[in-house]
Amino acid sequence: MDAIDSRILQELSHDGRLSNTVLSERVGLSPSACLRRVQDLQRRGVIRGFRAVLEPAAMGVGFLAYVTVGLNAHNKSAQEAFERAMDHAPEVRECHNITGAVEYLLRIEVADMADYKRFHTDVLGTLPQVNAITSYVVMGSPKDERA
């Protein structure tokens, strides 16, 4: 990867809908050379995809929490069962296996506190491998660069 590839990635990370013509002008390449580079970055897996950044409030999401989860067993089957459950829970927008005092960090997006309580009680609270749950409610996000 060279400086031009880095510039292409920077531009696309700010606006993934840039036309190839505008992108090529911004990085100083011909449109055909720019397109070849973008396609190569995709083929190599550097660019994994493009997505829309949604406005949570417009989607009915007004409550965001990060949740740490500790498991009662530290084995592969407990982790796999927990990860399968999180994969099927639409409220879970991110699930990270982490180091430290607990095994998982979740990003939960729901409509409101009542919806979060339902998720906490009826989803997390029913999993036999869950030993500890700690919730961190997001009050604001002054910086969020996720796409």
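This text follows the structure it describes.
Residues numbered from 1 in each chain as written. Predicted model: local features only at pLDDT ≥ 70, side-chain atom pairs only at ≥ 80, totals over all residues. Heavy atoms only, no water.

Bridge analysis of strand β2 (residues 92–97) against strand β3 (residues 104–110) gives five bridges, and the strand direction is antiparallel. Paired with Cys 95 across the strands is Leu 106, a residue of β3. Where β2 folds back onto β3 in an antiparallel hairpin, the turn is made up of six residues, including Gly 100, whose phi is positive at roughly 120 degrees. (Pairing = 2+ DSSP bridges. Helix = DSSP H or I, 4+ residues; strand = E, 2+ residues; numbered from the N terminus.)

Attention now moves to the packing of aromatic side chains. Applying the stated criterion across every chain, the model contains three aromatic pairs. Here the aromatic rings of Phe 82 and Tyr 104 are separated by 4.6 Å at their centres, their planes lie at 40 degrees, and the arrangement is tilted. Of this pair, Phe 82 sits in helix α4 (residues 76–87) while Tyr 104 sits in strand β3, and the two are 22 residues apart along the sequence. The exposure class of Phe 82 is buried, given its relative accessible area of 0%. Take Tyr 104: its relative accessible area is 1%, and that puts it in the buried class. The interplanar angle of 40 degrees and the centroid separation of 6.3 Å between the aromatic rings of Tyr 116 and Phe 119 together place this pair among those described as tilted. Placement of the pair is Tyr 116 and Phe 119 together in helix α5 (residues 113–122), with a separation of three residues, close to one helical turn. Assessed through its relative accessible area of 6%, Tyr 116 is described here as buried. (Phe/Tyr/Trp six-rings, centres within 6.5 Å; stacked < 30°, edge-to-face > 60°. Buried < 20%, exposed > 50% of the residue type's maximum accessible area, 1.4 Å probe, protein only.)

For the rest of this paragraph, the subject is the pattern of salt bridges. Any two side chains of opposite charge can pair, so long as their charged atoms come close to each other. Throughout the structure, instances matching the rule amount to 13 salt bridges. Here Arg 118 and Asp 115 are joined by a salt bridge, their closest N and O atoms 3.3 Å apart. Of this pair, Arg 118 and Asp 115 both sit in helix α5, three residues apart, roughly one helical turn. Judged by relative accessible area, which is 31%, Arg 118 ranks as partly exposed. (Salt bridge = Lys/Arg side-chain N within 4 Å of Asp/Glu carboxyl O.)

Judged by nonpolar contacts, the single largest core of 20 residues is most densely connected at Val 69, Phe 82, Leu 106 and Leu 124. Secondary structure elements with two or more residues in this core: β1 (63–71), α4, β3 and α5. Top contributing element to this core by residue count: β1, with five residues. With residues near it in sequence (within four places) discarded, Leu 106 still touches Ala 65, Tyr 66, Val 67, Val 69, Phe 82, Met 86, Val 92, Glu 94, Cys 95 and Leu 124. Leu 12, Val 27, Cys 34 and Val 38 belong to the second-largest nonpolar core, a separate cluster that totals nine residues. (Core = buried A, V, L, I, M, F, W, Y, C linked by side-chain atoms within 4.5 Å. Contact = heavy atoms within 4.5 Å.)

Remember that the coordinates give geometry; whether it matters functionally is a separate question.
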